[in-house]
Amino acid sequence: MAVSAVSNGNLASMAFGGRAGVSYGGHLGEALRLRRTRVCELAGKGGNIGVGASTSLSTDVGIPCFGSFSSSWKMLSGNRRVHQRIVHGRKVFGGHQPVEEEHSLLDGAEGRVEDAGEIDAGFSPLCEETEASYNGTSEQTEQRLIKEIGVMKALKVQPLRESRVGDGRPGFDLENLMTMIRDAEKNILLLNQVRARAFEELEQTRKEKLVMQNQVKLLEIRLLEADAKVKRTSLEKEKLKLLELELEKSREKLAQTEADLKLLLDAKTERISDRESIQNRIEVVSSPQLLIRNSTFEEEVNSLNETLAAVKMKQDSLTRAETEKHYLQRKVENLETKLEESKKGDLEFEAQNIENKVLKAEVDRLQSQLTGFSAAKALRKGGPVLQRDRGTLDKGNLDGNRDIEALQQEIFELQAELGKGEEERNILQKAQMENRILKEQVKMLRERLSESDAEIRSQLESYQTELVFFQASVRKLQLQIKAGMVQVPVGEMPWEFWSSLILRIDAWILAKSISVEDGAELWLMVWQRDARIRDAYVALQEEKEEKLVIAGLIELINSRKRPGLYIINIAAEMAPVAKVGGLGDVVTGLGRALQKKGHLVEVILPKYDCMDYKRIKDLKVLDVDIRSYFDGQTFANKIWQGTVEGLPVYFIEPYHPAKFFWRGVFYGENDDFRRFTYFCRAALEFVLQSGKKPDIIHSHDWHTAAVAPLYWDIYVPKGLDSARLAFTCHNFEYQGTEAPAALAACGLNVQHQFRLDRMQDNFMHNRVNLLKGGIVFSNLVTTVSPTYAQEVRGPEGGRGLQISLAAHSNKFFGILNGIDYDAWNPATDPLLEYHFSSEDLLGKQKNKAFLRSRFGFSTGGPRSEKPLVGCVTRLVPQKGIHLIRHAIYRTLEKGGQFILLGSSPVPQIQREFEDIAKKFQAHPDARLVLKYDEKLSHLIYAASDIFVIPSIFEPCGLTQMISMRYGAIPVARKTGGLNDSVFDADDPTIPFESRNGFTFSSADEQDLNYALDRAVNYFLHRPESWRDLVKKTMKLDFSWDSSANQYVDLFKKAIARAVSRT
């Protein structure tokens, strides 16, 4: 509804103000939030107020006042418009046209507003809608609006009264019109007041709305916090339930242990009583045969005791021989040092000989000159012919005499030097004699040492042979005593014994307690009346549980078949041919350690195009294609084999159109999930088709975590069921998540696996998690250090998998990694310029000098005593790059030198360190080498005095172990494997022999300063203590030997659990 009123002015040209009407337009509708459609309907029905109404039906509701008088007569009534031009004199209202040219009459009185009730009827629904539109406001605001709406209802305009002019044409009463205009002005004032109050209320409403929005946001935040607390509470409840279950299990185990102890006590009592009864029987029965056998036993025992004494004597002699060997080795080393010094003396002697020859030539020359001068003097005394030149000769003679004296003086000096040279020559000749004598002594000592080694080896072999025989005899005797009877020869065992054993084996096969293959092996041993199965069965007769008897005999079969475990590693990395991080070092180092302990270890890798093929020996392709399933079809795979660091390795090259491993990189592709699930399926297919029967299949990290679910779901039903699965997670940061449908490509059942207790991600419920699948489906799960194993049980370290680890805590262990002491040995490292050991650190100083010279470090004056701080790392946030950057400047402040080797896959970090490198390009005490260089890394380890390792988190870390092996003391943050291998030199709670570095806790500059400053001060002000610390640290054992033993124990327990379940 458009509301307008004509202000005071000339009816023809609005002389009272021209077009000075009030345009109450624009935004009253916005203030009152009226429904625009309803307004238009009211306007169409004639709901205009007063005269001068303009029917501009826009989206805004306004009160425009236009100066055109004709437009004020545009009265709307229903669907009918009546336009009227009123002529008065020669003027035309709404224009300046003559009366004759334009004129129209009213078409009737229907278009006028005849009654104010119609206006009120138009306002009533509008007011009702206005009231309804403010339901969301406060009660006080609503009351104010109701009052204003009442004022609007009071704006009732009287209708115009029609009159007639003299010629009969219709006209209007001017006085009535002016009255209406004044009423309109009053109404306008009232409406302006309403508008102002409406805007005030609108502003107040907006403020209240903002307050309410803020309160809503605050409540949402509180709701989120409450949800988080609820989740934490639920997790704590789950953890509490798990703890209660563990407690209940512990109680059950305790009760079982008590019962077992009671049974053992009862059994012990029975044995005592049985022994007493046997003793009584022996006393009663005086059988000559028993007496003979007992005397035979005594003779055997005495013989064994004599053998044991002889073995101990030989062992003592071996110990003495070893001591003598070490003494001779040290003597040989000293003689070799003297030999080197004598060689240097020979060189000096030869130089002195040359110098002596030069001096002799000079003496001869001077002697000839002296002879010449003497002849000239003789000529001066004789002959009258020379008298006229006497003055000249006298002068020449005087000069000659001076030259002669000078030459004589020079000759004396040369003769003195020659005498010294002769003395030095005599000394060197003596040294050469001693050198020859020393060589002869070294030769004799070496011959003696080789003879001693041969003797020691022969004695050792004899000792080992006798020891094996002795141990076998002792075990045999123990079995006989334990069985409570004299050992009966195999051929004399009653047939009832063998028959009952065969029947028992058949019963186990029928009951499926053992496999048919194992039963056939046992049956064959019984048929052959093998002494081993007889002894094992007799020893196991006291076991009351059938499962333990079966497990013992199965172990006998395994020991008969294999001398150790058969382990297959399926991995994405292997050092040095395909190495990105520590995973490659672990696969190689652990594999070699297990191989040295007598186990068969094989490795299966993808055949990357970017491998270091030079490090693979005897690489050749097998004349066989293995077809594996992927994406609904099978693809051929070429199998290559070779040897890497002494380990047998198989390389799988897929013939897939995506060229999965021909990308020039190991990781980092968009389809890594598909690449490595394909590899897992192909690797297991190769194991199946090659007929391998491994004891352990060991997979590593998310890249090969799919091996576990594929093994149980697809390959066990196909017959590949001999192995237990071990899974090692080297870093929980990387988990391998993808949409669930991606699992179907390698043949896994998505519906079967996409569950929270299987492979569904714990937090992103619309994704699958390969790392979680490795944890859930493996028989044994390990990580790379005990501290990291504890850290990943929490939310921060577990990265969402702490829930899964808690559910499978009984099979989760932390084993500290080691390093390969053959590859990382400063005494034999082929990449070093100078070799050294804990007993001889001279080579370390030479390596330090060589590195300084290579990079232009200052070496003169007091700078030569500066500590060299090294850092070899990947520049990623995990490694604490802000602390590495700070360590560079802090080292320089403390008077040290710093060298960094490493690069970053993150472009921003790489650029940042490139800028730092440019600043230190010509600095005498700092260098940054932003690339990977294997040879340079060995040199930095060997040359550094201090090594900085400020990792934010570190699952294990090999850097600190390598640095200590090379005599570089670590400054490390106490996290993960660093906390398990680096112990502060100033910590009194740590045993002195274990203190090997300087540690700090917080990942900030202040804590790093505290540790780094102590290390630098230690080096500068306590050189003797520093040297002792270096020697002690180099002798610590961080090899794979101890860790490999822990892995073997866990492997055997996993196998034993599987056997006991069957």
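What comes next is a walk through the structure.

Parameters at a glance
Residues numbered from 1 in each chain as written. Predicted model: local features only at pLDDT ≥ 70, side-chain atom pairs only at ≥ 80, totals over all residues. Heavy atoms only, no water. Pairing = 2+ DSSP bridges. Helix = DSSP H or I, 4+ residues; strand = E, 2+ residues; numbered from the N terminus. Axes fitted to C-alpha atoms, helices over the stretch in contact; angles between N-to-C directions. Contact = heavy atoms within 4.5 Å. Buried < 20%, exposed > 50% of the residue type's maximum accessible area, 1.4 Å probe, protein only. Phe/Tyr/Trp six-rings, centres within 6.5 Å; stacked < 30°, edge-to-face > 60°. Lys NZ or Arg CZ within 6 Å of the ring centre and 35° of its normal. Patch = residues over 30% accessible without salt bridge, like charges linked within 9 Å, V, L, I, M, F, W, Y side chains within 5 Å. Areas by Shrake-Rupley, 256 points an atom, 1.4 Å probe, with all protein chains shown as cover. Salt bridge = Lys/Arg side-chain N within 4 Å of Asp/Glu carboxyl O. Core = buried A, V, L, I, M, F, W, Y, C linked by side-chain atoms within 4.5 Å.

1. Here we look at the sheet that holds strand E22 (residues 969-973)
The strand order across the open sheet built from six strands is E20-E19-E18-E21-E22-E23, with neighbouring strands paired in parallel fashion. Edge positions in the sheet fall to strand E20 (926-929) and strand E23 (998-1000), since each has one partner strand and no second. Recorded for the sheet is a direction-independent mean angle of 15° between the axes of neighbouring strands. Pairing between strand E19 (residues 897-901) and E20: four bridges, direction parallel. Looking at the pairing, Phe 898 lines up with Ala 926 of E20. Its contacts with the sheet place helix H27 (residues 1023-1035) against strand E21 (946-949), E22 and E23, and it is angled at close to 80° to E22.

2. Considering the side chain of Ser 838
As for its position among the elements, Ser 838 is in the loop between strand E17 (812-814) and helix H20 (842-855). Residue Ser 838 is classed as buried on the basis of its relative accessible area, which comes to 14%. Each residue touching Ser 838, except ones within four places of it in the same chain, is listed here: Lys 1031, Met 1034 and Lys 1035.

3. Here we look at the environment of Arg 755
One can find Arg 755 in the loop between helix H15 (750-753) and strand E15 (768-769). Along the sequence, Arg 755 and Val 768 sit 13 residues apart, while their C-alpha atoms lie 8.8 Å from each other. Discounting residues that sit within four places of it in the chain, Arg 755 has contacts with Gln 760 and Lys 772.

4. Focus: the packing of aromatic side chains
With the rule as written, the count across this model stands at 24 aromatic pairs. Centre to centre, the rings of Phe 661 and Phe 679 are 6.3 Å apart; their planes meet at 80°, and the pair counts as edge-to-face. Of the two residues, Phe 661 sits in the loop between strand E11 (647-654) and helix H13 (672-689) while Phe 679 sits in helix H13, which places them 18 residues apart along the sequence. Measuring from centroid to centroid gives 6.0 Å for Tyr 1047 and Phe 1051, while their planes differ by 50°, and the two rings are tilted. Pair noted here: Tyr 1047 and Phe 1051 are both in helix H28 (residues 1040-1061), with a separation of four residues, about one helical turn. One exposure class covers both Tyr 1047 and Phe 1051, and it is buried. Of the aromatic side chains, those joined through ring pairs into one cluster are Tyr 608, Phe 661, Phe 666, Tyr 667, Phe 676, Phe 679 and Trp 702. Sitting above the plane of the Phe 857 ring, Arg 927 keeps its charged end 5.8 Å from the centroid.

5. Concerning a nonpolar patch on the surface
Together, Trp 523, Leu 524 and Trp 527 make up an exposed nonpolar region whose accessible area comes to about 340 Å². Overall, Leu 524 belongs to the partly exposed group, its relative accessible area being 33%.

6. Some thoughts on the nonpolar core
Core analysis: the largest hydrophobic core is formed by 163 residues, its most contacted members being Ile 604, Phe 732, Phe 913 and Phe 998. Residue contributions to this core peak at 10 residues, all from H13. With 20 residues, the next largest nonpolar core counts Ile 505, Ala 536, Leu 540 and Val 549 among its residues.

By themselves, these observations are geometric and do not establish any function.
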